[in-house]
Amino acid sequence: MNYWLFKSEAEVWSWDQQVAKGEAGEEWDGVRNYQARNNMRAMKLGDRGFFYHSRKETEIVGIVEVCAEAHPDSKANDPRWECVDIKAVRPFTKPVTLAMCKEDHRLKDMVLVNNSRLSVQPVTEEEWKIVCELGETDPS
DNA sequence: GCCAACGTTGGC
DNA sequence: GCCAACGTTGGC
């Protein structure tokens, strides 16, 4: 099992919209960055990810699960771009803000802290547990 | 709303 | 293949 982090501006695609999709999930489309795409290609069914609201709230608000592995982005007119489908698993009891991640020295190597511009990021198992602990949320 | 950081493009 | 110019992202 691998762990990831998906970023979205709440105005564009929010956690609430993701939850509303239920078990069916939704394509994580619109990624036009090779590094982010390569991360999605590496994802397996059942992998978990954090759902992060960028720019305005800057906080991790929920946990999602990969429910379809990488396939062509249906909204792209270019076969280079692929995406996975994700579905909401559970919200965070307490959202974990970027500031909280920056303050916790155990998370100093987290991609979110060091490379704020990458929209789909890997998260280590260690980081996963720490963030869930900060958010008082079941990491399973 | 500003601007730093980063990625991409294209001229040479 | 280098690098300047440009566009976008996202924290503040």
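Chains are numbered independently. Their residues run from 1 in the order of the written sequence. By the order in which they are written, chains take letters starting at A while ligands take numbers starting at 1. Local features in this predicted model are restricted to residues of pLDDT 70 or higher, and side-chain atom pairs are both shown and tallied only at a pLDDT of 80 or more, whereas totals for entire chains, interfaces and linings draw on every residue. Think of the side-chain values as coming from all heavy atoms in the structure, minus any hydrogens and water.

A.B. asks: Explain the sheet that holds strand β3 (residues 48–54) to me, please; I cannot follow it from the model alone.
C.D. replies: Picture the strands of a sheet paired through backbone hydrogen bonds; they go either parallel or antiparallel. In short, DSSP must find at least two bridges between two strands for them to pair. Helix and strand assignments follow DSSP, with helices taken as H or I runs no shorter than four residues and strands as E runs no shorter than two, numbered in order from the N terminus. Reading across the sheet, the six strands line up as β2-β5-β4-β3-β1-β6 and stay open at both edges, with mixed pairing between neighbours. Each edge of the open sheet is held by one strand with a lone partner, namely β2 (26–27) and β6 (120–123). Of the pairings in the sheet, the one linking β3 to strand β4 (residues 59–72) comprises six bridges and is antiparallel in character. Counted as the bridge partner of F51 is G62 from β4.

A.B. asks: Is there a simple way to explain the side chain of E127 in this structure?
C.D. replies: Assignment of secondary structure puts E127 in helix α5 (residues 125–134). Each residue gets one of three labels from its accessible area relative to the maximum for its type: buried under 20%, exposed over 50%, partly exposed in between, using a 1.4 Å probe on protein chains only. The sign given to each residue is positive for Lys and Arg and negative for Asp and Glu; His and the chain ends receive no count. Basic side-chain nitrogens of Lys or Arg form a salt bridge, by our definition, when they fall within 4 Å of a carboxyl oxygen of Asp or Glu. The side chain of E127 sits in the buried core without any salt bridge; K108 is the nearest counter-charge, 9.0 Å away. A distance of 3.0 Å separates the side chain of E127 from the backbone nitrogen of T124, its partner in a polar contact. N or O atoms closer than or at 3.5 Å make up a polar contact, with two conditions inside protein: a donor-capable atom paired with an acceptor-capable one, and, for residues adjacent in sequence, both atoms drawn from side chains.

A.B. asks: Even after reading the chapter, I still don't get the protein's contact with DNA strand C, so can you show me in this structure?
C.D. replies: For DNA strand C, the full set of nearby residues is K7, Y52, S54, R55, T58, L98, K102, S116 and R117. The contact atoms of DNA strand C, taken as those within 4 Å of the protein, divide so that sugar and phosphate hold 58%. Here a base nitrogen of DNA strand C and a side-chain polar atom of R55 are 2.3 Å apart. Contact distances for DNA strand C include 2.9 Å between a base oxygen and a side-chain N or O atom of R117. Elements supplying a minimum of two residues to the surface near DNA strand C: β3 and α3 (98–103). Ten residue types, Ala, Val, Leu, Ile, Met, Phe, Trp, Tyr, Cys and Pro, are classed as nonpolar, four, Asp, Glu, Lys and Arg, as charged, and the remainder, Gly among them, as polar. Residue composition of the surface near DNA strand C, by class: two nonpolar, three polar and four charged. The near set for a molecule or strand comprises every residue that places at least one heavy atom within 4 Å of it.

A.B. asks: Please explain the packing of aromatic side chains as it appears in this structure.
C.D. replies: Two rings from Phe, Tyr or Trp (for Trp, the six-membered ring) form a pair when their centres are within 6.5 Å of each other. A pair whose planes differ by under 30 degrees is stacked, one over 60 is edge-to-face, and the rest are tilted. According to the stated counting rule, one finds seven aromatic pairs in the structure shown. Their ring planes at 85 degrees and their centres at 5.6 Å tell us that W28 and F51 sit as a pair that is edge-to-face. Highlighted residues: W28 in the loop between β2 and α2 (34–41) and F51 in strand β3, separated in sequence by 23 residues. Judged by relative accessible area, which is 0%, F51 ranks as buried. Aromatic rings pair up to connect Y3, F50, F92 and W128 into one cluster.

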